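Residue strings, one per chain:
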Amino acid sequence: MLKKKMFIGGEWVEALSGEKRSIENPYDASLVAEVSEGSREDAKKAISEARKAFDGGWGQTGRKERQGLLLKLAELIKRDKEELANLESLNTGKTMEESRWDMDDIYNIFKFYAKLLDNDFTEKVQSPIPDSTSIVVKEPIGVCGQISPWNYPLLQASWKMAPALAAGCTIIMKPSELTPLTTVKVTELAVEAGYPPGVVNLVLGPGHTVGAEMAENHDVDLISFTGGSLTGRKIMNAASGNIKKVALELGGKNPHLIFDDCDFETAVDYALNGVFFHAGQICSAGTRLMVQKSISGPFIKALKSKMEKIKLGNGFDEGTEMGPVISKEHLSKIESYIEVAKNEGAKLLVGGERPKDEALRKGHFILPTLFTDCDSSMRIVQEEVFGPLITVETFETEEEAVTKANDTIYGLSAGFWTNDLERIERVKKALRFGTVWVNDFNTYFTEAPWGGYKQSGVGRELGHLGLEEYQETKHIFQNHKPAPFNWFGKD
(Lines give C-alpha, C1' and ligand atoms only; values in the text may rest on other atoms or scores of the structure.)
Protein backbone atom coordinates (compact mmCIF):
# COMPACT_ATOMS: atom_id res chain seq x y z
CA MET A 1 0.00 0.00 0.00
CA LEU A 2 1.29 3.47 -0.93
CA LYS A 3 2.08 5.97 1.82
CA LYS A 4 2.13 9.64 0.82
CA LYS A 5 2.80 12.94 2.59
CA MET A 6 2.09 16.59 1.90
CA PHE A 7 4.59 19.02 0.34
CA ILE A 8 5.05 22.39 2.02
CA GLY A 9 7.89 24.88 1.59
CA GLY A 10 10.09 22.41 -0.25
CA GLU A 11 9.67 19.57 2.29
CA TRP A 12 7.60 16.40 2.36
CA VAL A 13 5.78 16.51 5.68
CA GLU A 14 3.15 14.69 7.68
CA ALA A 15 0.06 16.55 8.85
CA LEU A 16 0.70 18.53 12.01
CA SER A 17 -2.10 16.56 13.68
CA GLY A 18 -0.62 13.23 12.62
CA GLU A 19 -3.97 12.30 11.05
CA LYS A 20 -4.13 9.88 8.10
CA ARG A 21 -6.71 8.98 5.48
CA SER A 22 -7.15 5.67 3.65
CA ILE A 23 -7.64 5.82 -0.11
CA GLU A 24 -9.66 3.12 -1.85
CA ASN A 25 -10.08 1.67 -5.33
CA PRO A 26 -13.77 2.13 -6.21
CA TYR A 27 -13.70 -1.03 -8.33
CA ASP A 28 -13.60 -3.30 -5.27
CA ALA A 29 -13.29 -0.92 -2.28
CA SER A 30 -9.79 -2.24 -1.58
CA LEU A 31 -7.34 0.10 0.19
CA VAL A 32 -4.57 1.32 -2.12
CA ALA A 33 -2.92 4.14 -0.16
CA GLU A 34 -2.60 5.96 3.13
CA VAL A 35 -2.06 9.71 2.96
CA SER A 36 -1.59 12.56 5.41
CA GLU A 37 -4.83 14.30 6.40
CA GLY A 38 -4.16 18.03 6.70
CA SER A 39 -6.03 20.71 8.62
CA ARG A 40 -6.32 24.49 8.74
CA GLU A 41 -2.92 24.68 10.43
CA ASP A 42 -1.25 22.81 7.59
CA ALA A 43 -2.97 25.08 5.06
CA LYS A 44 -1.79 28.18 6.96
CA LYS A 45 1.78 26.88 6.89
CA ALA A 46 1.60 26.22 3.14
CA ILE A 47 0.10 29.66 2.46
CA SER A 48 2.88 31.28 4.48
CA GLU A 49 5.53 29.41 2.49
CA ALA A 50 3.87 30.34 -0.80
CA ARG A 51 3.72 34.00 0.26
CA LYS A 52 7.38 33.95 1.26
CA ALA A 53 8.40 32.38 -2.07
CA PHE A 54 6.37 34.81 -4.16
CA ASP A 55 7.51 37.93 -2.32
CA GLY A 56 11.04 36.59 -2.06
CA GLY A 57 11.68 36.58 -5.78
CA TRP A 58 9.58 34.04 -7.63
CA GLY A 59 7.07 36.72 -8.58
CA GLN A 60 9.85 38.52 -10.48
CA THR A 61 11.17 35.41 -12.25
CA GLY A 62 11.72 35.91 -15.96
CA ARG A 63 9.56 34.35 -18.65
CA LYS A 64 12.34 32.15 -20.02
CA GLU A 65 13.06 30.58 -16.65
CA ARG A 66 9.37 29.88 -16.06
CA GLN A 67 9.08 28.49 -19.57
CA GLY A 68 12.03 26.17 -19.05
CA LEU A 69 10.60 24.74 -15.85
CA LEU A 70 7.20 24.16 -17.45
CA LEU A 71 8.80 22.32 -20.35
CA LYS A 72 10.84 20.15 -17.97
CA LEU A 73 7.70 19.27 -16.04
CA ALA A 74 5.84 18.47 -19.27
CA GLU A 75 8.57 16.06 -20.35
CA LEU A 76 8.56 14.35 -16.95
CA ILE A 77 4.79 13.88 -17.23
CA LYS A 78 5.32 12.34 -20.66
CA ARG A 79 8.08 10.10 -19.30
CA ASP A 80 5.90 8.84 -16.44
CA LYS A 81 2.65 8.71 -18.41
CA GLU A 82 2.02 5.03 -17.70
CA GLU A 83 2.63 5.34 -13.97
CA LEU A 84 0.37 8.38 -13.77
CA ALA A 85 -2.38 6.66 -15.76
CA ASN A 86 -2.10 3.60 -13.52
CA LEU A 87 -2.49 5.74 -10.39
CA GLU A 88 -5.45 7.59 -11.92
CA SER A 89 -7.32 4.39 -12.76
CA LEU A 90 -6.46 2.85 -9.40
CA ASN A 91 -7.84 5.90 -7.59
CA THR A 92 -10.89 6.72 -9.75
CA GLY A 93 -11.92 3.40 -11.27
CA LYS A 94 -11.90 4.74 -14.84
CA THR A 95 -10.47 2.65 -17.68
CA MET A 96 -6.75 2.78 -18.36
CA GLU A 97 -7.43 4.01 -21.88
CA GLU A 98 -9.30 7.03 -20.54
CA SER A 99 -6.51 7.70 -18.05
CA ARG A 100 -3.91 7.57 -20.82
CA TRP A 101 -5.94 10.09 -22.83
CA ASP A 102 -5.94 12.34 -19.76
CA MET A 103 -2.16 12.14 -19.41
CA ASP A 104 -1.69 13.08 -23.07
CA ASP A 105 -3.95 16.10 -22.52
CA ILE A 106 -2.03 17.08 -19.39
CA TYR A 107 1.29 16.96 -21.25
CA ASN A 108 -0.19 19.21 -23.95
CA ILE A 109 -1.53 21.65 -21.36
CA PHE A 110 1.92 22.25 -19.86
CA LYS A 111 3.44 22.54 -23.33
CA PHE A 112 0.76 25.03 -24.38
CA TYR A 113 1.30 27.38 -21.45
CA ALA A 114 5.06 27.14 -21.88
CA LYS A 115 4.61 28.19 -25.52
CA LEU A 116 2.48 31.19 -24.49
CA LEU A 117 5.54 32.52 -22.66
CA ASP A 118 7.13 33.27 -26.03
CA ASN A 119 5.02 36.46 -25.72
CA ASP A 120 6.05 39.30 -23.40
CA PHE A 121 2.42 40.44 -22.81
CA THR A 122 3.37 44.11 -23.14
CA GLU A 123 0.95 46.39 -24.97
CA LYS A 124 1.92 49.88 -26.08
CA VAL A 125 -0.84 52.46 -25.65
CA GLN A 126 -0.89 55.66 -27.69
CA SER A 127 -0.56 58.41 -25.10
CA PRO A 128 -2.31 61.75 -25.74
CA ILE A 129 0.28 63.49 -23.53
CA PRO A 130 3.34 64.89 -25.37
CA ASP A 131 6.76 63.46 -24.42
CA SER A 132 5.36 60.44 -22.60
CA THR A 133 5.03 56.68 -23.03
CA SER A 134 2.24 54.41 -21.89
CA ILE A 135 2.34 50.61 -21.67
CA VAL A 136 0.13 47.86 -20.25
CA VAL A 137 1.89 44.87 -18.71
CA LYS A 138 0.72 41.58 -17.20
CA GLU A 139 2.03 40.50 -13.81
CA PRO A 140 1.38 37.41 -11.66
CA ILE A 141 -1.55 37.76 -9.31
CA GLY A 142 0.39 36.22 -6.41
CA VAL A 143 -0.45 33.32 -4.09
CA CYS A 144 -3.10 31.00 -5.50
CA GLY A 145 -5.19 28.35 -3.77
CA GLN A 146 -6.30 25.61 -6.13
CA ILE A 147 -9.04 23.12 -5.21
CA SER A 148 -9.54 20.25 -7.66
CA PRO A 149 -12.36 17.68 -7.93
CA TRP A 150 -12.31 13.89 -7.74
CA ASN A 151 -13.61 13.03 -11.21
CA TYR A 152 -10.58 14.14 -13.28
CA PRO A 153 -8.02 14.66 -10.51
CA LEU A 154 -4.82 15.46 -12.40
CA LEU A 155 -6.43 16.86 -15.53
CA GLN A 156 -8.39 19.44 -13.56
CA ALA A 157 -5.36 20.19 -11.38
CA SER A 158 -3.26 20.80 -14.51
CA TRP A 159 -5.83 23.31 -15.84
CA LYS A 160 -4.99 25.37 -12.75
CA MET A 161 -1.37 24.46 -12.08
CA ALA A 162 0.10 25.10 -15.55
CA PRO A 163 -1.25 28.63 -16.16
CA ALA A 164 -0.53 29.71 -12.58
CA LEU A 165 3.11 28.64 -12.82
CA ALA A 166 3.38 30.14 -16.29
CA ALA A 167 2.13 33.47 -14.93
CA GLY A 168 4.70 33.44 -12.11
CA CYS A 169 2.34 32.68 -9.24
CA THR A 170 2.97 30.39 -6.29
CA ILE A 171 0.39 27.69 -5.65
CA ILE A 172 -1.16 25.61 -2.90
CA MET A 173 -2.91 22.62 -4.43
CA LYS A 174 -5.69 20.79 -2.61
CA PRO A 175 -6.90 17.74 -4.52
CA SER A 176 -10.07 15.96 -3.53
CA GLU A 177 -9.51 13.92 -0.39
CA LEU A 178 -10.90 10.95 -2.36
CA THR A 179 -8.42 11.10 -5.26
CA PRO A 180 -5.08 12.69 -4.29
CA LEU A 181 -2.62 10.17 -5.74
CA THR A 182 -1.80 11.69 -9.14
CA THR A 183 -1.56 15.21 -7.71
CA VAL A 184 0.98 13.88 -5.20
CA LYS A 185 2.89 12.32 -8.08
CA VAL A 186 2.91 15.48 -10.21
CA THR A 187 4.19 17.39 -7.17
CA GLU A 188 7.08 14.91 -7.02
CA LEU A 189 7.73 15.66 -10.69
CA ALA A 190 7.64 19.43 -10.04
CA VAL A 191 10.36 18.92 -7.43
CA GLU A 192 12.39 16.91 -9.93
CA ALA A 193 11.91 19.65 -12.54
CA GLY A 194 13.54 22.14 -10.18
CA TYR A 195 10.81 24.43 -8.85
CA PRO A 196 12.17 26.42 -5.89
CA PRO A 197 10.86 25.75 -2.35
CA GLY A 198 7.49 27.36 -1.67
CA VAL A 199 6.48 27.76 -5.31
CA VAL A 200 4.56 24.46 -5.49
CA ASN A 201 2.81 23.32 -2.32
CA LEU A 202 0.43 20.42 -1.72
CA VAL A 203 -1.96 20.14 1.22
CA LEU A 204 -4.16 17.08 1.53
CA GLY A 205 -7.38 17.10 3.49
CA PRO A 206 -11.09 17.98 3.45
CA GLY A 207 -12.67 21.08 2.02
CA HIS A 208 -14.30 22.27 5.25
CA THR A 209 -10.86 22.76 6.84
CA VAL A 210 -8.09 23.00 4.25
CA GLY A 211 -10.26 24.45 1.49
CA ALA A 212 -11.98 26.86 3.85
CA GLU A 213 -8.65 28.22 5.10
CA MET A 214 -7.47 28.80 1.54
CA ALA A 215 -10.67 30.68 0.70
CA GLU A 216 -10.63 32.80 3.86
CA ASN A 217 -6.91 33.50 4.29
CA HIS A 218 -5.94 37.09 3.43
CA ASP A 219 -2.51 36.03 2.16
CA VAL A 220 -4.18 34.16 -0.73
CA ASP A 221 -4.70 36.41 -3.76
CA LEU A 222 -6.80 34.01 -5.87
CA ILE A 223 -8.86 30.92 -5.17
CA SER A 224 -9.70 28.54 -8.02
CA PHE A 225 -12.29 25.84 -7.39
CA THR A 226 -13.89 23.13 -9.49
CA GLY A 227 -16.81 21.32 -7.91
CA GLY A 228 -20.37 21.72 -6.70
CA SER A 229 -22.46 24.90 -6.62
CA LEU A 230 -23.09 24.81 -2.86
CA THR A 231 -19.36 24.79 -2.10
CA GLY A 232 -18.78 27.40 -4.80
CA ARG A 233 -21.15 29.78 -3.04
CA LYS A 234 -19.35 29.23 0.27
CA ILE A 235 -16.03 29.98 -1.38
CA MET A 236 -17.36 33.20 -2.92
CA ASN A 237 -18.56 34.34 0.50
CA ALA A 238 -15.31 33.40 2.21
CA ALA A 239 -13.22 35.11 -0.48
CA SER A 240 -14.96 38.42 0.15
CA GLY A 241 -12.86 38.90 3.29
CA ASN A 242 -9.96 40.31 1.28
CA ILE A 243 -11.81 40.60 -2.07
CA LYS A 244 -9.54 37.92 -3.53
CA LYS A 245 -10.07 36.93 -7.13
CA VAL A 246 -12.33 33.90 -7.54
CA ALA A 247 -12.41 31.38 -10.41
CA LEU A 248 -15.21 28.82 -10.20
CA GLU A 249 -16.21 25.92 -12.45
CA LEU A 250 -19.40 24.56 -10.94
CA GLY A 251 -20.69 21.99 -13.37
CA GLY A 252 -23.83 21.88 -15.42
CA LYS A 253 -26.90 20.09 -16.70
CA ASN A 254 -26.01 19.94 -20.36
CA PRO A 255 -28.70 19.62 -23.05
CA HIS A 256 -27.96 17.45 -26.09
CA LEU A 257 -30.41 18.25 -28.91
CA ILE A 258 -31.14 15.76 -31.69
CA PHE A 259 -33.00 17.19 -34.70
CA ASP A 260 -34.72 14.86 -37.16
CA ASP A 261 -32.35 15.70 -40.02
CA CYS A 262 -29.27 14.55 -38.09
CA ASP A 263 -26.80 11.84 -39.07
CA PHE A 264 -28.77 9.27 -37.08
CA GLU A 265 -26.15 6.59 -36.33
CA THR A 266 -23.46 9.12 -35.47
CA ALA A 267 -25.81 11.06 -33.20
CA VAL A 268 -26.70 7.86 -31.32
CA ASP A 269 -23.00 7.09 -30.89
CA TYR A 270 -22.25 10.57 -29.55
CA ALA A 271 -25.24 10.42 -27.22
CA LEU A 272 -23.49 7.46 -25.60
CA ASN A 273 -20.04 9.10 -25.71
CA GLY A 274 -21.48 12.23 -24.16
CA VAL A 275 -22.46 10.41 -20.98
CA PHE A 276 -20.82 7.08 -20.28
CA PHE A 277 -17.11 7.84 -20.24
CA HIS A 278 -15.99 7.74 -16.59
CA ALA A 279 -19.48 6.52 -15.64
CA GLY A 280 -21.07 9.89 -16.38
CA GLN A 281 -18.99 11.67 -13.74
CA ILE A 282 -18.27 14.56 -16.08
CA CYS A 283 -19.37 18.16 -15.53
CA SER A 284 -20.17 18.48 -19.25
CA ALA A 285 -21.97 15.13 -19.61
CA GLY A 286 -24.88 15.27 -22.05
CA THR A 287 -27.27 13.56 -19.68
CA ARG A 288 -30.20 15.77 -20.71
CA LEU A 289 -31.03 14.30 -24.11
CA MET A 290 -33.67 16.13 -26.18
CA VAL A 291 -34.93 14.36 -29.31
CA GLN A 292 -37.27 15.68 -31.98
CA LYS A 293 -40.53 13.76 -31.66
CA SER A 294 -40.59 12.50 -35.25
CA ILE A 295 -37.49 10.32 -34.63
CA SER A 296 -37.75 9.81 -30.86
CA GLY A 297 -39.06 6.24 -31.11
CA PRO A 298 -36.25 4.77 -33.25
CA PHE A 299 -33.63 6.92 -31.52
CA ILE A 300 -34.60 5.70 -28.04
CA LYS A 301 -34.74 2.11 -29.32
CA ALA A 302 -31.21 2.38 -30.76
CA LEU A 303 -29.94 4.01 -27.56
CA LYS A 304 -31.50 1.32 -25.38
CA SER A 305 -29.99 -1.46 -27.46
CA LYS A 306 -26.47 -0.05 -27.19
CA MET A 307 -26.74 0.83 -23.50
CA GLU A 308 -27.66 -2.75 -22.64
CA LYS A 309 -24.37 -3.89 -24.21
CA ILE A 310 -22.04 -1.54 -22.27
CA LYS A 311 -19.39 -3.68 -20.54
CA LEU A 312 -18.84 -2.82 -16.89
CA GLY A 313 -15.71 -3.91 -15.09
CA ASN A 314 -12.24 -3.25 -13.78
CA GLY A 315 -10.60 -0.29 -15.49
CA PHE A 316 -7.42 -2.35 -15.85
CA ASP A 317 -9.17 -5.14 -17.79
CA GLU A 318 -9.15 -5.03 -21.58
CA GLY A 319 -12.68 -4.77 -22.89
CA THR A 320 -14.07 -2.78 -19.97
CA GLU A 321 -16.08 0.16 -21.32
CA MET A 322 -17.29 1.70 -18.06
CA GLY A 323 -16.02 1.49 -14.51
CA PRO A 324 -17.64 2.23 -11.15
CA VAL A 325 -18.66 5.55 -9.65
CA ILE A 326 -16.30 7.07 -7.13
CA SER A 327 -17.69 6.01 -3.76
CA LYS A 328 -20.41 4.25 -1.81
CA GLU A 329 -21.85 7.65 -0.85
CA HIS A 330 -21.99 8.83 -4.45
CA LEU A 331 -23.61 5.58 -5.55
CA SER A 332 -26.32 6.13 -2.93
CA LYS A 333 -26.86 9.67 -4.23
CA ILE A 334 -27.39 8.37 -7.78
CA GLU A 335 -29.79 5.71 -6.53
CA SER A 336 -31.78 8.37 -4.68
CA TYR A 337 -32.16 10.34 -7.93
CA ILE A 338 -33.40 7.18 -9.66
CA GLU A 339 -36.14 6.90 -7.04
CA VAL A 340 -36.96 10.61 -7.45
CA ALA A 341 -37.30 10.11 -11.22
CA LYS A 342 -39.69 7.20 -10.75
CA ASN A 343 -41.78 9.19 -8.31
CA GLU A 344 -41.89 12.14 -10.72
CA GLY A 345 -43.39 9.93 -13.42
CA ALA A 346 -40.35 9.30 -15.61
CA LYS A 347 -40.32 5.89 -17.31
CA LEU A 348 -37.33 3.65 -16.50
CA LEU A 349 -36.34 1.90 -19.71
CA VAL A 350 -32.85 0.54 -18.94
CA GLY A 351 -30.76 0.02 -15.80
CA GLY A 352 -31.66 1.79 -12.60
CA GLU A 353 -30.05 -0.81 -10.36
CA ARG A 354 -26.74 -2.32 -9.35
CA PRO A 355 -25.37 -5.07 -11.60
CA LYS A 356 -26.01 -8.66 -10.54
CA ASP A 357 -22.57 -9.86 -11.67
CA GLU A 358 -20.84 -11.30 -8.61
CA ALA A 359 -17.46 -9.95 -9.82
CA LEU A 360 -18.78 -6.39 -9.48
CA ARG A 361 -20.46 -6.85 -6.10
CA LYS A 362 -17.75 -5.16 -4.00
CA GLY A 363 -17.46 -2.12 -6.25
CA HIS A 364 -19.53 1.03 -6.57
CA PHE A 365 -21.35 0.08 -9.77
CA ILE A 366 -24.66 1.19 -11.21
CA LEU A 367 -26.01 0.01 -14.55
CA PRO A 368 -26.27 2.56 -17.39
CA THR A 369 -29.71 4.04 -16.85
CA LEU A 370 -32.23 5.48 -19.30
CA PHE A 371 -35.40 7.41 -18.42
CA THR A 372 -37.96 8.50 -21.00
CA ASP A 373 -41.19 10.53 -20.75
CA CYS A 374 -39.27 13.29 -18.99
CA ASP A 375 -40.02 17.01 -18.92
CA SER A 376 -38.17 20.10 -17.78
CA SER A 377 -40.15 20.40 -14.54
CA MET A 378 -38.54 17.24 -13.13
CA ARG A 379 -35.64 17.34 -10.67
CA ILE A 380 -33.97 14.52 -12.60
CA VAL A 381 -33.87 16.86 -15.62
CA GLN A 382 -32.80 20.02 -13.80
CA GLU A 383 -30.30 18.76 -11.21
CA GLU A 384 -26.83 17.39 -11.78
CA VAL A 385 -26.83 13.67 -10.97
CA PHE A 386 -23.18 13.10 -11.96
CA GLY A 387 -23.61 9.48 -12.97
CA PRO A 388 -24.37 7.14 -15.90
CA LEU A 389 -27.94 8.27 -16.35
CA ILE A 390 -29.74 9.77 -19.36
CA THR A 391 -33.12 11.51 -19.34
CA VAL A 392 -34.99 11.89 -22.64
CA GLU A 393 -37.34 14.75 -23.46
CA THR A 394 -39.00 15.28 -26.82
CA PHE A 395 -39.76 18.44 -28.76
CA GLU A 396 -41.69 19.38 -31.89
CA THR A 397 -40.06 22.59 -33.12
CA GLU A 398 -36.68 24.29 -33.10
CA GLU A 399 -38.02 27.13 -30.98
CA GLU A 400 -39.37 24.69 -28.40
CA ALA A 401 -36.03 22.84 -28.31
CA VAL A 402 -34.02 26.01 -27.68
CA THR A 403 -36.45 27.29 -25.06
CA LYS A 404 -36.32 24.00 -23.17
CA ALA A 405 -32.54 23.74 -23.47
CA ASN A 406 -32.03 27.19 -21.98
CA ASP A 407 -34.45 26.40 -19.14
CA THR A 408 -31.73 25.61 -16.60
CA ILE A 409 -29.82 27.43 -13.89
CA TYR A 410 -26.62 26.15 -15.51
CA GLY A 411 -24.82 27.23 -18.64
CA LEU A 412 -21.70 25.12 -19.04
CA SER A 413 -22.17 23.32 -22.35
CA ALA A 414 -24.71 22.15 -24.91
CA GLY A 415 -24.67 20.37 -28.24
CA PHE A 416 -26.99 19.76 -31.16
CA TRP A 417 -27.20 17.65 -34.30
CA THR A 418 -28.60 18.84 -37.63
CA ASN A 419 -27.59 19.09 -41.27
CA ASP A 420 -29.59 22.28 -41.84
CA LEU A 421 -27.03 25.09 -42.28
CA GLU A 422 -29.50 27.85 -41.52
CA ARG A 423 -30.64 26.07 -38.36
CA ILE A 424 -27.01 25.71 -37.27
CA GLU A 425 -26.58 29.48 -37.44
CA ARG A 426 -29.76 30.14 -35.47
CA VAL A 427 -29.36 27.54 -32.76
CA LYS A 428 -25.66 28.10 -32.01
CA LYS A 429 -26.45 31.76 -31.30
CA ALA A 430 -29.58 31.06 -29.28
CA LEU A 431 -28.09 28.54 -26.83
CA ARG A 432 -26.86 30.26 -23.65
CA PHE A 433 -23.86 28.13 -22.75
CA GLY A 434 -20.11 28.63 -22.45
CA THR A 435 -19.40 25.91 -25.01
CA VAL A 436 -21.74 24.87 -27.83
CA TRP A 437 -20.94 21.83 -29.96
CA VAL A 438 -22.42 21.50 -33.45
CA ASN A 439 -22.62 17.90 -34.70
CA ASP A 440 -20.31 16.84 -31.88
CA PHE A 441 -20.34 16.54 -28.10
CA ASN A 442 -17.85 16.69 -25.23
CA THR A 443 -14.94 17.80 -27.35
CA TYR A 444 -12.49 20.18 -25.74
CA PHE A 445 -8.86 21.11 -26.31
CA THR A 446 -6.23 23.17 -24.57
CA GLU A 447 -6.30 26.11 -26.97
CA ALA A 448 -9.99 26.94 -26.42
CA PRO A 449 -11.44 28.46 -23.21
CA TRP A 450 -13.64 26.42 -20.88
CA GLY A 451 -16.24 27.76 -18.48
CA GLY A 452 -19.92 28.52 -18.21
CA TYR A 453 -22.74 31.02 -18.13
CA LYS A 454 -25.12 31.54 -15.21
CA GLN A 455 -24.56 29.24 -12.21
CA SER A 456 -21.94 27.15 -13.97
CA GLY A 457 -19.25 29.43 -12.66
CA VAL A 458 -17.04 32.48 -12.89
CA GLY A 459 -14.02 32.90 -15.18
CA ARG A 460 -12.44 30.63 -17.76
CA GLU A 461 -9.84 27.88 -17.82
CA LEU A 462 -7.70 26.75 -20.76
CA GLY A 463 -6.72 28.89 -23.75
CA HIS A 464 -5.04 32.25 -23.28
CA LEU A 465 -7.91 33.27 -21.00
CA GLY A 466 -6.80 30.54 -18.60
CA LEU A 467 -3.48 32.33 -18.24
CA GLU A 468 -5.12 35.72 -17.82
CA GLU A 469 -7.01 34.40 -14.78
CA TYR A 470 -3.64 34.33 -12.99
CA GLN A 471 -2.43 37.72 -14.18
CA GLU A 472 -2.93 41.28 -12.96
CA THR A 473 -3.05 44.12 -15.48
CA LYS A 474 -0.84 47.13 -14.78
CA HIS A 475 -0.75 50.40 -16.70
CA ILE A 476 2.62 52.18 -16.59
CA PHE A 477 2.78 55.83 -17.67
CA GLN A 478 6.07 57.69 -17.90
CA ASN A 479 6.42 61.43 -18.41
CA HIS A 480 9.77 62.08 -20.11
CA LYS A 481 9.70 65.88 -19.70
CA PRO A 482 7.85 66.71 -16.48
CA ALA A 483 7.25 70.41 -15.79
CA PRO A 484 5.38 72.29 -13.03
CA PHE A 485 1.65 72.98 -13.43
CA ASN A 486 1.86 76.05 -11.23
CA TRP A 487 -1.82 75.63 -10.36
CA PHE A 488 -1.69 75.74 -6.55
CA GLY A 489 -0.07 78.25 -4.24
CA LYS A 490 0.13 81.09 -6.70
CA ASP A 491 0.98 84.55 -5.33
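In what follows, the structure referred to is the one given above.
Let me sum up the structure you'll find in this document. Worth saying up front: this structure is predicted, and the values here are computed from it rather than measured.

### Details of the pattern of salt bridges
No. 1: Scanning the model with the defined rule gives 40 salt bridges in all.
No. 2: E37 is the partner of R21 in a salt bridge, and the nearest nitrogen-oxygen pair spans 2.8 Å. With R21 in strand β4 (residues 20–25) and E37 in the loop between β5 (30–36) and α1 (40–55), this pair connects stretches of sequence that are 16 residues apart.
No. 3: Note on R21: relative accessible area 24%, which makes it partly exposed.
No. 4: For the salt bridge of D102 with K94, the shortest nitrogen-to-oxygen distance reads 2.7 Å. Grouping residues by exposure puts D102 and K94 together as buried.
No. 5: Shared partners join several salt bridges into a network, and the residues in it are K4, R79, D80, E83, K185, E188 and E192.

### Observations concerning the sheet that holds strand β6 (residues 123–125)
No. 1: Read from one edge to the other, the open sheet built from three strands follows the order β6-β7-β23, with strand pairing classed as antiparallel. Strand pairing shows two members of the sheet lacking a second neighbour, β6 and β23 (471–479), which therefore form its edges. Here the average twist between neighbouring strands, direction ignored, is 25°.
No. 2: In terms of strand pairing, strand β7 (residues 132–140) meets β23 through nine bridges, oriented antiparallel. Paired with P140 across the two strands is Q471, which belongs to β23.

### A few points about the sheet that holds strand β1 (residues 2–4)
No. 1: Taken in spatial order, the three strands of this open sheet run β1-β5-β4, and their pairing is mixed. A single partner strand is all that each edge strand has here, and the edge strands are β1 and β4. Within this sheet the neighbouring strands show an average axis-to-axis angle of 25°, counted without direction.
No. 2: Across six bridges, β4 lies against β5 in antiparallel orientation. Pairing of N25 across the sheet is with S30, part of β5.
No. 3: Against the sheet, helix α3 (residues 81–92) contacts β1, β4 and β5, and its axis sits at roughly 95° relative to β4.

### As for the nonpolar core
No. 1: With 93 residues, the main nonpolar core has L73, I77, F110, Y113, M161, Y195 and V200 as its most contacted residues.
No. 2: Setting aside residues no more than four positions away along its own chain, I77 makes contact with L84, M103, I106, Y107, F110, V186 and L189.
No. 3: Y27, V268, F299 and A302 belong to the second largest nonpolar core, which has 43 residues in total.

### Brief notes about the environment of A346
No. 1: With respect to the helices and strands, the residue A346 is situated in the loop between α11 (328–344) and β15 (347–350).
No. 2: For the pair formed by A346 and C374, sequence separation is 28 residues and the distance between their alpha carbons is 5.3 Å.

### Some details on the packing of α3 against helix α6 (residues 181–193)
No. 1: Contact geometry for α3 and α6: axes closest at 8 Å, N-to-C directions at 155°. In terms of their interaxial angle, α3 and α6 are classed as roughly antiparallel. Seen from α3, the contacting residues are E83, L84, L87, E88 and N91; seen from α6, they are L181, T182, K185 and L189.
No. 2: When grouped by side-chain class, the residues that make up the contact of α3 with α6 number four nonpolar, two polar and three charged.

### As for the pairing of strand β8 (residues 143–147)
No. 1: Along β8, five of the five residues are buried, which leaves the element largely enclosed by surrounding structure.
No. 2: Both faces of β8 are covered, namely the face carrying V143, G145 and I147 and the face carrying C144 and Q146.
No. 3: In this region the chain leaves β8, passes through helix α5 (residues 153–167) and returns to the parallel neighbour strand β9 (residues 170–174); the handedness of that crossover is right-handed.
No. 4: Here β8 pairs with strand β11 (residues 222–226) via four bridges, running parallel. The partner of C144 across the bridge, within β11, is L222.

What counts as what
Residues numbered from 1 in each chain as written. Predicted model: local features only at pLDDT ≥ 70, side-chain atom pairs only at ≥ 80, totals over all residues. Heavy atoms only, no water. Salt bridge = Lys/Arg side-chain N within 4 Å of Asp/Glu carboxyl O. Helix = DSSP H or I, 4+ residues; strand = E, 2+ residues; numbered from the N terminus. Buried < 20%, exposed > 50% of the residue type's maximum accessible area, 1.4 Å probe, protein only. Pairing = 2+ DSSP bridges. Axes fitted to C-alpha atoms, helices over the stretch in contact; angles between N-to-C directions. Contact = heavy atoms within 4.5 Å. Core = buried A, V, L, I, M, F, W, Y, C linked by side-chain atoms within 4.5 Å. Parallel < 35°, antiparallel > 145°, perpendicular 65-115°, else oblique. Nonpolar A, V, L, I, M, F, W, Y, C, P; charged D, E, K, R; others polar. Right-handed = clockwise from strand over helix to strand, strands pointing away.

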